[in-house]
Amino acid sequence: DNSYKTLSVETIGAHLGAVDAVRSRLGGNADGWSVREVGDGNLNLVFIVEGPDETVIAKQALPYVRLVGDSWPLPLYRAFYEYHALSRQAARDPGLVPEIYHFDEAQALIVMEFLSPHVILRRKLIAGEKVVDLGAILGRFCARTAFYGSELYMQSADKKADVALFAGNVAIPAITEALVFTDPYFDAEMNAHTDGLDPVVADLRGNVDLKMRVQRMMTKFASNTETMLHGDLHSGSIMATETEARIIDPEFVQYGPFGFDIGMLTANFLMAYFSQPAHRSQADLAGYQEWILSVIEATFETFQDEFRRLWRDERQGMFYPQVLFEGQGHDPMPACNALLGDIWTDAISFCGIEMHRRCLSLAHNADFEDIEDVRIRAPLEARNLTMGAELILNAESFADAQALCSLARQYNER
Ligand code: SR1
Ligand code: MG
């Protein structure tokens with residue numbers, strides 16, 4: 001009977017012991033494996049299973065939202081989409097996502113590579129730790145997944161089949177549509193914000209231009225299938241050492257706009273930036289904050305460089321066909337640069353929206369939540385919220401990442 005059963009520290013050893021690919025990897029007898037449940041995300045169970053030869057991660061979807069409980073059911077099929085997203089990301093940017101060892105659709109279970117000594121990037125940012133070349137690694141990942149997942153590279157029929165496949169993942173994008181694009185802008189039931197922020201929140205919710213722009217971005221998010229997104233690319237979806245970064249957890253995968261992942265990612269760096277005064281001593285503060293901004297700049301620079309390289313060398317899909325450009329002796333790069341401009345503007349808007357939702361709706365981030373004293377937390381979140389609004393309202397006016405970072409410095413001084 002392979003019907004879904006929620007696994008536990010007590011049962012997972014026997015379950016995986018019956019799977020050849022896992023048993024032979026871990027070695028020894030399943031009775032002797034050590035198991036810990038370490039899931040600290042909002043949705044799933046995550047087990048570390050350690051055998052004499054190797055250690056693996058086993059991630060099992062629960063039939064409800066872990067953060068809320070069984071009052072919010074959530075389909076198990078998200079594990080199927082996560083598995084397919086990981087497979088595609090592994091092909092598009094080899095080595096950047098964990099290797100998959102076993103997938104069991106009925107159990108909504110993925111057994112994969114245990115990343116060690118990697119830790120969640122958000123924890124490193126709160127602790128003031130740096131990662132060498134972080135922006136370059138993340139910028140390349142965003143560019144490669146964006147490019148290879150679109151009709152710039154894919155054949156139209158393959159792309160349409162893939163859009164249709166992932167379109168089945170309806171319940172997960174619905175979370176983003178509610179928690180990210182809608183709830184922050186009205187008094188939704190699951191919302192929460194820090195004491196002291198009422199005037200800022202009232203300003204945001206009273207701004208009709210802002211809400212119109214956010215709805216425009218949700219329309220793009222929900223209806224524009226430019227490429228396969230990670231869908232939840234925040235600093236909790238990245239694991240890093242001092243010199244390496246890997247991307248995990250793409251269960252929010254969907255086809256969507258090119259600028260979404262890099263915009264969400266940037267927001268999470270900006271929130272790390274604004275929260276730093278509560279986490280660093282005065283002596284370390286400015287230097288570490290500047291490092292975070294340098295990561296944002298490097299991410300965008302690398303994204304654009306890599307996207308241009310792929311455009312020049314690997315454009316073979318339906319979009320911007322070579323026959324219209326190189327084929328008639330035209331330079332193809334102005335068209336690429338124009339598209340990069342649109343991606344940048346979208347990314348700035350998505351960035352502002354993510355900065356809002358992490359302080360206003362369900363599922364806040366530890367960068368701010370770990371600041372226990374709300375008299376310290378509220379003004380830092382206020383900087384983040386007001387800058388977020390400026391990004392959404394004036395997305396077209398930011399020339400580049402340097403301009404974005406200059407604005408962050410100004411808000412940081414308020
Ligand atoms: C109910 S899920 C809340 C959040 O957790 C995930 O990581 C996504 O960011 C989602 O919005
Ligand atoms: Mg996640």
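Up top you'll find the structure we're talking about.
Worth saying up front: this structure is predicted, and the values here are computed from it rather than measured.

Draft legend 1. Broad picture of the overall build of the protein. Along the backbone of the protein there are 15 helices and twelve strands. Here the C-alpha radius of gyration of the protein, 22 Å, is about what a compact globule of 414 residues would show, namely 22 Å. Seen along its three principal axes, the alpha-carbon backbone of the protein occupies a region of about 65 × 60 × 40 Å. For the protein, buried positions account for 56% of its 414 residues. In the protein, the proportion of contacts linking residues at least 24 apart, taken out of those at least 6 apart, comes to 74%.

Draft legend 2. Spotlight on the site of ligand 1. In the vicinity of ligand 1, the contacting residues are Asn42, Leu43, Val65, Trp72, Leu179, Asp232, His234, Phe252, Arg357, Arg358 and Ala363. Asp232 is positioned with one of its side-chain polar atoms (N or O) 2.7 Å from an oxygen atom of ligand 1. Between an oxygen atom of ligand 1 and a side-chain N or O atom of Arg357, the distance comes to 2.8 Å. Protein coverage of the free-state accessible area of ligand 1, which is 310 Å², stands at 95%. Class assignment of the residues belonging to the shell around ligand 1 gives a composition of six nonpolar, two polar and three charged.

Draft legend 3. Here's a closer look at the sheet that holds strand E1 (residues 34–37). Spatially, five strands are ordered E1-E2-E3-E7-E6 in an open sheet, and the strand pairing comes out antiparallel. Lying at the two open borders of the sheet, with one neighbouring strand each, are E1 and strand E6 (100–104). Geometrically, the sheet is characterised by an average inter-axis angle of 20° between neighbouring strands, direction not taken into account. Relative to strand E2 (residues 44–50), E1 runs antiparallel, the two sharing four bridges. Pairing of Ser34 across the sheet is with Glu50, part of E2. Across the sheet, helix H3 (residues 78–92) is in contact with E2, strand E3 (55–61), E6 and strand E7 (109–113); its angle to E6 comes to roughly 155°.

Draft legend 4. Summary view of the packing of helix H7 (residues 171–179) against helix H9 (residues 208–223). Packing of H7 against H9 brings their axes to within 11 Å, and their N-to-C directions diverge by 175°. The orientation of H7 relative to H9 falls into the category roughly antiparallel. Of the residues in H9, those touching H7 at Pro173, Thr176 and Glu177 are Met218, Phe221 and Ala222.

The rules behind each value
Counting restarts for each chain: residues are numbered from 1 in the order of the written sequence. Numbering of ligands from 1 and lettering of chains from A proceed in the order in which they are written. With pLDDT at 70 or above as the cut-off, local features in this predicted model cover only qualifying residues; side-chain atom pairs require 80 or more to be listed or tallied, and sums for whole chains, interfaces and linings still use all residues. Think of the side-chain values as coming from all heavy atoms in the structure, minus any hydrogens and water. Put simply, DSSP H or I for four residues or longer makes a helix, DSSP E for two residues or longer makes a strand, and each gets a number counted from the N terminus. With C-alpha atoms as the basis for the radius of gyration, the globule rule is written as 2.2 Å multiplied by the number of residues raised to the power 0.38. Whether a residue is buried, partly exposed or exposed follows from its accessible area with a 1.4 Å probe, protein chains only, as a fraction of its type maximum: under 20%, in between, or over 50%, in that order. Whether two residues touch is decided by their heavy atoms; if any such pair falls within 4.5 Å, the residues are in contact. A cutoff of 4 Å decides nearness: a residue is near a molecule or strand if any of its heavy atoms lies inside that distance of it. Here a polar contact is recorded for every N or O atom pair within 3.5 Å, except that within protein the pair must consist of a potential hydrogen donor and a potential acceptor, and residues adjacent in sequence are included only if both atoms are side-chain atoms. The method behind every accessible area is Shrake-Rupley, applied with a 1.4 Å probe, and residues are considered shielded solely by the protein chains displayed. We call Asp, Glu, Lys and Arg charged. Ala, Val, Leu, Ile, Met, Phe, Trp, Tyr, Cys and Pro are nonpolar, and the rest, Gly among them, are polar. Paired strands, as defined in this entry, are two strands with at least two bridges between them according to DSSP. In this analysis an axis means a line fitted to C-alpha atoms, helices contributing only their contacting stretch, and an angle means the value between N-to-C directions, from 0 to 180 degrees. Roughly parallel means an angle under 35 degrees; roughly antiparallel means over 145; roughly perpendicular covers 65 to 115; every other angle is labelled oblique.

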